[in-house]
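Given next are the chains, with one letter for each unit.
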Amino acid sequence: MDYENFFFYRCVFFVVIKVLLMKLEIRPPKMHELKRAIEIIYSAFKGEFRYIFGKYFDFGEKILISFYKKTIKEEDLENFLIVKAGKKIIATANLDFKNPTFARLLKFLLHFLKLNVHFLRAAPILGIKRAIRITMSMYWFFIENFRRNSCYINLLAVSPGFHNRGIGTKLIQAIEKVTREKRLRSITLDVCFGDIPARYLYKKTGFSEERHFSNIMLKYLNAIDGVFAMQKPLPY
Ligand SMILES: CC(C)(COP(=O)(O)OP(=O)(O)OC[C@H]1O[C@@H](n2cnc3c(N)ncnc32)[C@H](O)[C@@H]1OP(=O)(O)O)[C@@H](O)C(=O)NCCC(=O)NCCS
């Protein structure tokens, strides 16, 4: 292909993508769309997962997908949002709506223990040390789950080819809408100290940095410098 043709097709490609992006659909996924959502999470947090799973990186993705397939039920899908551009899923968020009744906390604890067991069962392949390290790192999310009256963003990821096009911003706006509908008072999250694009995005969309944690458990999540807890109050 000569240079002019290449340039022409490149322009066509970007125009098509732009038109598709204008028609963004943001909603909870259907069951069959969950696998793609997890793939996006896995590729967006490649660095963290590579750190956690090492040479078992590909295997780690399979464990995660099989876990979600086994444990997520229809009613849990409202805890996810996906962004679809045309037929392509390009971003996702996993949320925790916290109005913590005792029953809800118990349900979460059960889900969490199942996840631990799931990873420990893979210990013969992963190695016992790595399997324990992975399960330990998850306690962070459990502790964080005690925050009240808020929507906690567990994970938010835009497919790596679609960064810096406003998708993350739109996803946050959608999260805000859902949170208001559930009459919760704030959105909370934790962001790694070194994740500059994410910290920029959250500040831009009205979050403030509250506390800086440096916790030994976070080392297992590759967040060596600690994390910032961020919050956006939603007054009515
Ligand atoms: C963080 C993430 C969700 C952002 O998604 P996105 O679709 O690129 O977000 P947006 O395009 O809406 O906004 C990103 C902003 O960050 C800015 N940005 C990107 N890289 C930056 C950098 N290195 N320094 C400063 N700003 C940066 C962009 O310019 C843009 O701001 P602008 O709209 O004012 O130009 C995406 O990068 C991602 O999936 N990262 C990996 C997973 C992750 O870190 N998730 C968050 C964990 S809590």
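None of the values given here were measured: they were computed from a predicted structure. (Residues numbered from 1 in each chain as written. Predicted model: local features only at pLDDT ≥ 70, side-chain atom pairs only at ≥ 80, totals over all residues. Heavy atoms only, no water.)

A. Broad picture of the nonpolar core. Within the largest apolar cluster, 29 residues are counted, with the highest numbers of intra-cluster contacts made by Leu 95, Leu 156, Ile 175 and Tyr 202. For this core, the elements supplying multiple residues, two or more each, are strand E2 (80–85), strand E3 (88–98), strand E4 (150–158), helix H9 (167–181), strand E5 (186–192), helix H10 (196–204) and strand E7 (227–233). Leave out the neighbours within four places in its chain, and Tyr 202 touches Leu 156, Ile 172, Leu 189, Val 191, Phe 207 and Met 230. Counting 26 residues, the second largest nonpolar core, distinct from the first, contains Ile 38, Ile 41, Tyr 42 and Ile 72. (Core = buried A, V, L, I, M, F, W, Y, C linked by side-chain atoms within 4.5 Å. Buried < 20%, exposed > 50% of the residue type's maximum accessible area, 1.4 Å probe, protein only. Helix = DSSP H or I, 4+ residues; strand = E, 2+ residues; numbered from the N terminus. Contact = heavy atoms within 4.5 Å.)

B. Geometry of the packing of aromatic side chains. Scanning the model with the defined rule gives 8 aromatic pairs in all. Relative to Phe 49, the ring of Tyr 42 has its centre 4.3 Å away and its plane inclined at 20°; by these criteria the two rings are stacked. The same class applies to Tyr 42 as to Phe 49, namely buried. Each member of the aromatic cluster is reached from another via a ring pair, and the members are Tyr 42, Phe 49, Phe 53 and Phe 57. Positioned above the aromatic ring of Phe 57 is the side chain of Arg 50, whose terminal nitrogen or guanidinium carbon lies 4.0 Å from the ring centre. It is Lys 182 that lies over the ring of Phe 97; its NZ or CZ is 4.8 Å from the centre. (Phe/Tyr/Trp six-rings, centres within 6.5 Å; stacked < 30°, edge-to-face > 60°. Lys NZ or Arg CZ within 6 Å of the ring centre and 35° of its normal.)

C. Here's a closer look at the site of the ligand. Surrounding the ligand, one finds 21 residues, the nearest of these being Val 158, Asn 164, Thr 169, Asp 195 and Lys 204. Residue Val 158 places a main-chain N or O atom 2.8 Å away from an oxygen atom belonging to the ligand. Here Lys 204 contributes a side-chain N or O atom positioned 2.6 Å from an oxygen atom of the ligand. Protein contacts shield 75% of the accessible area of the ligand, which totals 960 Å² for the unbound molecule. Taken together, the elements giving at least two residues each to the shell around the ligand come down to E4, H9 and H10. (Near = heavy atom within 4 Å. Polar contact = N/O pair within 3.5 Å; in protein donor to acceptor, adjacent residues only side chain to side chain. Areas by Shrake-Rupley, 256 points an atom, 1.4 Å probe, with all protein chains shown as cover.)

D. Layout of the pattern of salt bridges. Enumeration over the complete set of coordinates arrives at 11 salt bridges. Taking the shortest distance from any N to any O, the salt bridge between Arg 27 and Glu 25 comes out at 2.7 Å. With a relative accessible area of 17%, Arg 27 lands in the buried category. Taking the shortest distance from any N to any O, the salt bridge between Glu 39 and Lys 35 comes out at 3.0 Å. On the criterion of helical spacing, the pair formed by Glu 39 and Lys 35 is a turn pair, its members being 4 residues apart in helix H2 (residues 34–44). Take Glu 39: its relative accessible area is 21%, and that puts it in the partly exposed class. (Salt bridge = Lys/Arg side-chain N within 4 Å of Asp/Glu carboxyl O.)

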